[in-house]
Amino acid sequence: MEPAADLTREEVARYSRHLIIPGVGVVGQRRLKNARVLCIGAGGLGSPVLLYLAAAGVGTLGIVEFDDVESSNLQRQVIHGIADVGRPKGESARDTIRGINDNVEVRLHPVRLDPGNAVALFEQYDLILDGTDNFATRYLVNDAAVLAGKPYVWGSIFRFEGQVSVFWEAAPDGRGLNYRDLYPEAPPPGMVPSCAEGGVLGVLCASVGSIMATEAVKLITGIGESLLGRLMIYDALAMSYRTVTLRRDPGRVPVTELVDYESFCGVVPDDGAAALAESTITPTELRRLLESDREIELIDVREPVEWDIVHIEGARLIPKDRILSGEALAELPQHRPIVLHCKTGIRSAEALAVLKEAGFADATHLQGGVLAWAQQVDPSLPVY
Ligand SMILES: Nc1ncnc2c1ncn2[C@@H]1O[C@H](COP(=O)(O)OP(=O)(O)OP(=O)(O)O)[C@@H](O)[C@H]1O
């Protein structure tokens, strides 16, 4: 990274604790000033990443984010505040950054990163940070970074655990790998729950995001050993960090073009999923069914902790895994309609597939889950 020409008087004072670190010094700080870093997502990981890189004096910070701040974000997305709920996350993040360091030029890209815009966006920056929460975007970031020849820092979080690595296929020392060497294929949809489904400890974002920001500072200034070719795994419960060495997957096909990542990750329904989609019931239809004389079995496939937050009157709790393992099938009626539901409809679709396979012909699942029920039928219920 080429250093910027000089630091102003104000910058020397502001960054003095960096300037006196051997290895960083004035030249390191000038490199930070000249750096253009693009952060995908201003959520759980994007928040600490952007805050620390802004405070550290990265000259240009790009933010790709299409979403608005919700109150359930505030538990971990610390770049946003109460007054930002309902505002675009990018604008909220920009305003917070301005309050920390007005030397930083913030460039907002209020779009969803997709195969049509990714490479052109990446080409405008020196380094990419992936703070997103879905597999389709992760593979897209990887492939676009390969095509644009850019390094990127990747992080992921779930409940109490986080992972971080640096991928740069074109790394000058030949150690560069890409995300597909670590995860050649996306897990089947629904197999790895999102933070919205499975939860995440808020402070985990700070631990993992600060490691991502540290890697960014190291790559920009050229100090230390980066996580290039290594995967760091952090366990907040055990309070342990370990790193494992990654190897190039000899069977990996080179990235030559961007593809349809929703299909690659199986998010677009195949024929089987389309058939299942017909076995759905809307919240209003379910309400009518519950009000009728028909006897139905309403099964909640979420976890007990979620049941404790909110549940639909008359439902019975059978967590999804007990259905997937086959253990709970004997508890289900063969000759009564069964309606499964979860939080949003993803887990209930999975459980429904197992029930159909086991011959429960009169089984359906609730479209949009408990959230849709609360929105359309019973707004007095809390949502989570
Ligand atoms: N393709 C994409 N382009 C731009 N931003 C993305 C893309 N995919 C995900 N994001 C953003 O990445 C951020 C990830 O943050 P986080 O994991 O905390 O999830 P969230 O969507 O805010 O939370 P939750 O799913 O729990 O409501 C989100 O703000 C999301 O809008």
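Residues numbered from 1 in each chain as written. Predicted model: local features only at pLDDT ≥ 70, side-chain atom pairs only at ≥ 80, totals over all residues. Heavy atoms only, no water.

With respect to the sheet that holds strand S11 (residues 316-317)
With parallel pairing, five strands are arranged side by side in an open sheet as S9-S13-S12-S10-S11. Sheet topology places strand S9 (280-281) and S11 at the edges, where each strand pairs with a single neighbour. Relative to strand S13 (residues 363-366), strand S12 (residues 338-341) runs parallel, the two being bridged by three bridges. From the neighbouring strand, Leu340 faces S13, where its bridge partner is His365. (Pairing = 2+ DSSP bridges. Helix = DSSP H or I, 4+ residues; strand = E, 2+ residues; numbered from the N terminus.)

What to know about the site of the ligand
If you check the shell around the ligand, you find 20 residues, and the closest are Gly44, Glu65, Arg76, Gln77 and Lys89. Between Glu65 and the ligand, the recorded distance is 2.6 Å, taken from a side-chain N or O atom to an oxygen atom. At a separation of 3.0 Å, a nitrogen atom of the ligand approaches a polar side-chain atom of Asn134. Here the ligand loses 89% of its free accessible area of 630 Å² to cover by the protein chains. When its residues are assigned to classes, the shell around the ligand shows five nonpolar, nine polar and six charged. (Near = heavy atom within 4 Å. Polar contact = N/O pair within 3.5 Å; in protein donor to acceptor, adjacent residues only side chain to side chain. Areas by Shrake-Rupley, 256 points an atom, 1.4 Å probe, with all protein chains shown as cover. Nonpolar A, V, L, I, M, F, W, Y, C, P; charged D, E, K, R; others polar.)

What about the pattern of salt bridges?
Inspection of every chain in the model, using the stated rule, returns 23 salt bridges. The residue Arg94 makes a salt bridge to Asp95 at a minimum N-O spacing of 3.2 Å. Of the charged contacts, one joins Glu105 and Arg107 as a salt bridge, the two residues approaching to 3.0 Å between their closest N and O atoms. Taking the relative accessible area as the measure of exposure, Glu105 reaches 41% and is therefore partly exposed. Assessed through its relative accessible area of 27%, Arg107 is described here as partly exposed. (Salt bridge = Lys/Arg side-chain N within 4 Å of Asp/Glu carboxyl O. Buried < 20%, exposed > 50% of the residue type's maximum accessible area, 1.4 Å probe, protein only.)

Thoughts on the UniProt feature "domain: Rhodanese" (unreviewed entry) in the chain
Under the UniProt annotation, "domain: Rhodanese" (unreviewed entry) lies at residues 292-382. Secondary structure over residues 292-382 splits into 34% helix and 15% strand, and the C-alpha atoms at its two ends are 25 Å apart. (UniProt positions renumbered as here; feature names shortened; annotations may be inferred.)

Topic: the packing of aromatic side chains
The full count for this structure, using the stated rule, is nine aromatic pairs. Aromatic side chains Tyr139 and Phe264 sit 4.9 Å apart centroid to centroid with 70° between the ring planes, which places their arrangement in the edge-to-face category. Note that Tyr139 is positioned in helix H7 (residues 135-148) and Phe264 in helix H11 (residues 261-264), a separation of 125 residues in sequence. A network of ring pairs unites the aromatic residues Tyr139, Tyr152, Trp154, Phe167, Tyr179, Tyr183 and Phe264 as a single cluster. Its end group placed over the ring of Phe66, Arg112 keeps NZ or CZ at 4.0 Å from the ring centre. (Phe/Tyr/Trp six-rings, centres within 6.5 Å; stacked < 30°, edge-to-face > 60°. Lys NZ or Arg CZ within 6 Å of the ring centre and 35° of its normal.)

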